[in-house]
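# Working through the structure, step by step
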Amino acid sequence: MTDQAGNELLTLRDLLRFAVSRFNEAKLFFGHGSDNAWDEAAYLLLHHLHLPLDRLEPFLDARLTSDERAGALRLIDRRVSERLPAAYLSNEAWLGEHRFYVDERVIVPRSFIAELLHEQLAPWIDEPDAIGGVLDLCTGSGCLAIIAAHAFPAASVDAVDVSADALAVARRNVADYELGDRVRLLQGDLFASLGGRRYDLIIANPPYVSAASMASLPREYRHEPELALASGEDGLELTRAILGGARQHLEARGLLVVEIGHNRAALEAAFPDTPFTWLDTSAGDHYVFLLHRDELP
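So, here's what we can say about the structure. The structure presented is a predicted model; accordingly, all values stated were derived computationally and were not measured. Going along each chain's sequence as written, the residues are numbered from 1 onward. Where local features are concerned, this predicted model is filtered to residues with pLDDT of at least 70; where side-chain atom pairs are given and counted, the filter is 80 or more; whole-chain, interface and lining totals use all residues. By convention in this description, side-chain values take in all heavy atoms of the structure and omit both hydrogens and water.

### A few points about the environment of Glu259
What counts, and what does not: A run of DSSP states H or I qualifies as a helix once it reaches four residues; a run of E qualifies as a strand once it reaches two. Both are numbered from the N-terminal end. Residue burial is assigned from relative accessible area. The probe radius is 1.4 Å, only protein chains are included, and a residue is buried under 20% of its type maximum, exposed over 50%, and partly exposed in between. In what follows, residue pairs with any heavy atoms lying within 4.5 Å of each other are defined as contacts. Under the rule applied, a polar contact is a pair of N or O atoms within 3.5 Å (in protein, one hydrogen donor and one hydrogen acceptor; residues adjacent in sequence only if both atoms are side-chain atoms).
Take Glu259: it is sitting in strand 7 (residues 250–259). Exposure remark for Glu259: the relative accessible area of 1% places this residue in the buried category. Considering only alpha carbons, one finds Glu259 and Ala204, 55 residues apart in sequence, at a separation of 6.5 Å. Other than its neighbours up to four places away in sequence, Glu259 contacts Arg110, Ser111, Phe112, Ile113, Ala204, Asn205, Pro206, Tyr208, Tyr287 and Val288. Side chain to side chain, Glu259 and Ser111 meet in a polar contact 2.6 Å long. A polar contact of 2.9 Å, which involves the side chain of Glu259, links it to the backbone nitrogen of Phe112.

The structure is reproduced here in structure tokens:
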């Protein structure tokens, strides 16, 4: 855009309108924290200006400095031209009240398991203080491991990922929350690095995108590590491996909780004799299942 056009955008209201128009014109895909152009534009601008993310109204008619305006316009342009998810532009993502550092080494956090952990997995866990060990498989940024540590204050949490890059991001988040004495980060393929350790609870938000879906992903998702998305021809490769190995790492009364995206029908067809319990989330009861140890296939 021309310098003159930029200089005509004086207030936050002006920039917000401009960003929404640009985002809609470019037909951006939203799926990494917001689901529409208005919310995404408001978030990016408030973050850029170091303003409270929940208080847009008092600042709408505030004028920006020339440096603030130039930075905001660069941010808007990168979102449109590079199709970068907002979380990679701000280097942060939120799950409920928890903020996490993110960059392109990890998938942008967006797990329904976080909602369930905020409720301490009630009613399936009736004594949160009795949970002594939690395993988070495919931890990525470490977000679910950190939320689990808050949900179960007596628990030690092991967080596993095959990616050294992802674990570097997780290490930063664990340090930010001062949980280094309770959250242990381990590099390995699912259960391979655990020896014989058993847990009261295993949680996993593994890759679950099928080959067909990978081929048609919007550009925004292409910035995320393929390793954190793709899971074989039908999207169930990692889930099958988790179901196959979880029994030997769960205590007798242990629970397994796994998120599988849109694969409920395929999973139930693949394991017709397994009594999956589907947990209610804000998006419905098709995305996260629970199994007791003695229910595992």
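### Some remarks on the pattern of salt bridges
What counts is decided by this rule: What counts as a salt bridge is simple: a side-chain nitrogen of Lys or Arg found within 4 Å of a carboxyl oxygen of Asp or Glu.
For the structure shown, the criterion picks out 12 salt bridges. Put simply, Asp61 and Arg13 hold a salt bridge, and the shortest N to O gap is 2.9 Å. You can see Asp61 sitting in the loop between helix 3 (37–48) and helix 4 (66–81) and its partner Arg13 sitting in helix 2 (residues 12–25), a full 48 residues away along the chain. For Asp61, a relative accessible area of 53% gives the class exposed. One salt bridge connects Arg264 with Asp285, and the closest N-O pair in it is separated by 3.9 Å. Of this pair, Arg264 sits in helix 12 (residues 264–270) while Asp285 is found in the loop between strand 8 (277–278) and strand 9 (288–292), placing the two residues 21 residues apart along the sequence. Judged by relative accessible area, which is 30%, Asp285 ranks as partly exposed.

### As for the layout of surface pockets
As a reminder of what qualifies: The method works on a 1 Å grid over the protein atoms by themselves. A cavity is a set of points holding a 1.4 Å probe that cannot get out, a pocket is an open set with protein on both sides within 12 Å along at least five of seven lines, and residues with an atom within 4 Å of a point line them. Grid points are joined across faces, edges and corners, and a volume is the space filled by probe spheres set on the points. Think of it as three bins: nonpolar holds Ala, Val, Leu, Ile, Met, Phe, Trp, Tyr, Cys and Pro, charged holds Asp, Glu, Lys and Arg, and polar takes everything else, Gly as well.
Its boundaries defined by the atoms lining it, the second largest pocket holds a volume of some 390 Å³. What lines the second largest pocket is a set of 16 residues, among which Trp124, Ile125, Asp126, Ile131 and Arg253 lie closest to the centre. Among the elements of the structure, strand 6 (199–204) and strand 7 are those that each provide at least two residues to the lining of the second largest pocket. Of all the elements, strand 7 adds the most residues to the lining of the second largest pocket, at 5 residues. Counted by class, the lining of the second largest pocket contains 7 nonpolar, 2 polar and 7 charged residues.

### A short note on the environment of Pro109
Within the element layout of this structure, Pro109 appears in the loop between strand 2 (98–100) and helix 6 (113–118). Under the relative-accessibility criterion, Pro109 is labelled buried at 8%. The spacing of Pro109 and Leu49 is 60 residues in sequence and 23 Å in space, taken between C-alpha atoms. When sequence neighbours within four positions are dropped, the list of residues in contact with Pro109 reads Ala93, Leu95, Val102, Ser141 and Cys143.

### A short note on the packing of helix 3 against helix 4
The following threshold applies: To get an axis, a line is fitted to the C-alpha atoms, and for a helix only the part in contact is used. The angle between two axes follows their N-to-C directions and goes from 0 to 180 degrees. The cut-offs work like this: below 35 degrees is roughly parallel, past 145 is roughly antiparallel, 65 to 115 is roughly perpendicular, and the gaps in between are oblique. The hand of a helix crossing depends on one turn: near helix anticlockwise from the far one by less than a right angle means left-handed, and clockwise means right-handed.
Across the interface, helix 3 lies against helix 4 with an axial gap of 10 Å and an inter-helix angle of 140 degrees. The pairing of helix 3 with helix 4 is recorded here as oblique in orientation. Seen from above, helix 3 lies across helix 4 with right-handed handedness. Each of Glu40, Leu44, Leu45 and His48 in helix 3 lies in contact with helix 4, whose residues at this interface are Glu68, Gly71, Ala72, Leu75, Ile76 and Arg79.

### Brief notes about the pairing of strand 4 (residues 156–161)
To keep it simple, the criterion reads: For two strands to be treated as a pair, DSSP must find no fewer than two bridges joining them. A right-handed crossover is one whose linking path, passing over the helix from the first strand to the second, runs clockwise when the strands point away from the viewer.
Within strand 4, 5 of the 6 residues are buried, which leaves the element mostly enclosed by the surrounding structure. In this sheet, strand 4 lies alongside strand 3 (residues 133–137) in parallel orientation, the contact comprising 5 bridges. Each bridged residue has a counterpart across the sheet, and for Leu137 the counterpart in strand 4 is Val160. Each parallel crossover has a hand, and for strand 3 linked through helix 7 (residues 143–151) to strand 4 it is right-handed. In terms of strand pairing, strand 4 meets strand 5 (residues 183–187) through 5 bridges, oriented parallel. Directly across from Asp158, in strand 5, lies its bridge partner Arg184. Where the polypeptide runs from strand 4 across helix 8 (residues 164–176) and back to strand 5, its parallel neighbour, the crossover connection is right-handed.

None of this, on its own, says anything about what the molecule does.
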